[in-house]
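Take a look at the letters that make up each chain.
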Protein chains: 2
Amino acid sequence: MSRATNTQFSVACHALSLLSSLPGEPASSELVAGSAAASPVYVRRVLGLLRRAGLVASRPGAHGGWHLTRPACEVSLGDVWRAVQGDEPVLGLHAPVAACPVGSEVGRLMAEVERRTARAIEHELDSMTVADLTPACAPFTAAMLSPAA
Amino acid sequence: MSRATNTQFSVACHALSLLSSLPGEPASSELVAGSAAASPVYVRRVLGLLRRAGLVASRPGAHGGWHLTRPACEVSLGDVWRAVQGDEPVLGLHAPVAACPVGSEVGRLMAEVERRTARAIEHELDSMTVADLTPACAPFTAAMLSPAA
DNA sequence: TTGATTCGTAGTCGTGTTGGATACGAATTC
DNA sequence: GAATTCGTATCCAACACGACTACGAATCAA
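Note that the structure is a prediction, hence the values are computed from the model and not measured.

Draft legend 1. Expanded view of the nonpolar core. Membership of the largest hydrophobic core comes to 84 residues, with the highest contact counts inside it found for Phe9(A), Leu50(A), Val80(A), Phe9(B), Leu50(B) and Val80(B). Ignoring sequence-local partners within four residues, the contact set of Val80(B) consists of Phe9(B), Ala12(B), Cys13(B), Leu16(B), Leu50(B), Leu55(B), Val75(B) and Val130(B).

Set out below in structure tokens:
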């Protein structure tokens, strides 16, 4: 990785936190976008990944939107990570020269480093849940955002 | 993050592994570049980061180049990671809407997630050293690359 | 001293990624 | 039937990455 220029995980966590703050009716992508400072289309794309992982569900049409499929305390950040990260590498691997003995061998060993690091990230994120991200002000938020939408 | 498009860590590990395989005289950036499939200028930039961290030293001029400042088994991959990563975030944080209570609070909590994840990565990488990346074929490599250079 | 080598770094450029904007069909509710 | 919202495609600007060239400074060999 090095510089992380992709906000999908961050936006996904933000969206889930917001959804858990609004347990009543589903939240529209526009509402989420307004809170996360992202575009509604982007929010729908990211939440689409979470839906494929079974973390959220959506319903089109009037009064449609997005909602959690299970309690926030049962959704680990590792689940979110895997949903948006898929099999993408976390360390920026390069393709060394295959003909060079150092190149080919180090390439193989670095792949192992990549796997171990990915596991460490998932393990750490699995120790936290969306509920940990939901601020104490959630009830106020619900009252605040509902009429504004 | 998601897709990791930065190869600095990978190239740095490759370079250090190569340096540990050539304990005799210093290796030029051109030699490293040839093995890592990168440009000499890029190699110098990356190794420059490692030098700032005290992991390697360089000498300009004829028969100049790069060499390790301590045994490969005493250089952890965490050292390499910190040298190239610096304080760059590992998760792609976005800037939520500060005026929104969910936005501001989740932003603060996500920063904590970022810190914990960064620590987990460092901890995992600290459990491995450059020596673990140096293939068994190192002696052959030395004999192979020296005349070619 | 002269020439060759190598680092150090600045600048430019092509390529790929990211995410916003628009558009439009499908689904759903009133 | 009208309004809303998802789902998705497409286009575009901004940015990150790394190759490449260039050139001065440092070092060593002859």
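Next comes the rest of the description.
Draft legend 2. Spatial organisation of the protein's contact with DNA strand D. As a matter of local geometry, DNA strand D sits amid 29 residues, with Ser29(A), Arg51(A), Ser58(A), Thr7(B) and Tyr42(B) nearest to it. Near the protein, meaning within 4 Å, the atoms of DNA strand D are sugar or phosphate in a fraction of 73%, with bases accounting for the rest. At 2.6 Å from a phosphate oxygen of DNA strand D is found a side-chain nitrogen or oxygen belonging to Ser58(A). Contact between DNA strand D and Asn6(B): a phosphate oxygen at 3.2 Å from a side-chain N or O atom of the residue.

Draft legend 3. Quick peek at the interface of chain B and chain A. In this complex, chain B contributes 56 residues to the contact, which on the side of chain A involves 57 residues. Surface buried jointly by chain B and chain A totals about 4,900 Å² across both partners, of which 68% is contributed by carbon and sulfur atoms. Residue Glu124(B) pairs with Arg116(A) through a salt bridge whose shortest N-O separation is 2.9 Å. Linking chain B with chain A are four residue pairs in polar contact (both at pLDDT 80 or more), by the criterion used here. When contributions to the side of chain B that touches chain A are tallied by element, the ones reaching two or more residues are helix 1 (8–21), helix 2 (29–36), helix 4 (77–85), helix 5 (101–125), helix 6 (130–133) and helix 7 (138–148) of chain B. Take the side of chain B that touches chain A: its biggest share by element is 14 residues, from helix 5 of chain B.

Draft legend 4. Broad picture of the pattern of salt bridges. All names here are of chain A. Within the structure shown, the criterion is met by 14 salt bridges over all chains. Note that aspartate 126 is salt-bridged to arginine 82, the shortest N-O span being 2.9 Å. Of this pair, aspartate 126 sits in the loop between helix 5 (101–125) and helix 6 (130–133) while arginine 82 sits in helix 4 (residues 77–85), and the two are 44 residues apart along the sequence. Overall, aspartate 126 belongs to the partly exposed group, its relative accessible area being 35%.

Draft legend 5. Fine view of helix 2 of chain B. Residue and element names in this part refer to chain B. Among the eight residues of helix 2, six are classified as buried, and the element is accordingly described as predominantly covered. Of all the residues in helix 2, the buried ones are Ser29, Leu31, Val32, Ala33, Ser35 and Ala36. Residue alanine 37 follows helix 2 closely and has a positive phi angle near 60°.

Draft legend 6. Local environment of the relation of the copies chain B and chain A. Each copy of the sequence occupies a distinct position, and chain B is placed on chain A by a rotation of 180° and an axial shift of 0.0 Å, giving an RMSD of 0.1 Å. Taken together, these values place the two copies in the relation of a two-fold axis. When the interface residues of chain B are mapped onto chain A, 100% of them again lie at the interface, so the same face is used by both copies.

What counts, and where the lines are drawn
Residues numbered from 1 in each chain as written. Chains lettered and ligands numbered in written order. Predicted model: local features only at pLDDT ≥ 70, side-chain atom pairs only at ≥ 80, totals over all residues. Heavy atoms only, no water. Core = buried A, V, L, I, M, F, W, Y, C linked by side-chain atoms within 4.5 Å. Buried < 20%, exposed > 50% of the residue type's maximum accessible area, 1.4 Å probe, protein only. Contact = heavy atoms within 4.5 Å. Near = heavy atom within 4 Å. Polar contact = N/O pair within 3.5 Å; in protein donor to acceptor, adjacent residues only side chain to side chain. Buried area = accessible area lost by both parts, 1.4 Å probe. Salt bridge = Lys/Arg side-chain N within 4 Å of Asp/Glu carboxyl O. Helix = DSSP H or I, 4+ residues; strand = E, 2+ residues; numbered from the N terminus. Least-squares fit on C-alpha atoms with pLDDT ≥ 70 in both.

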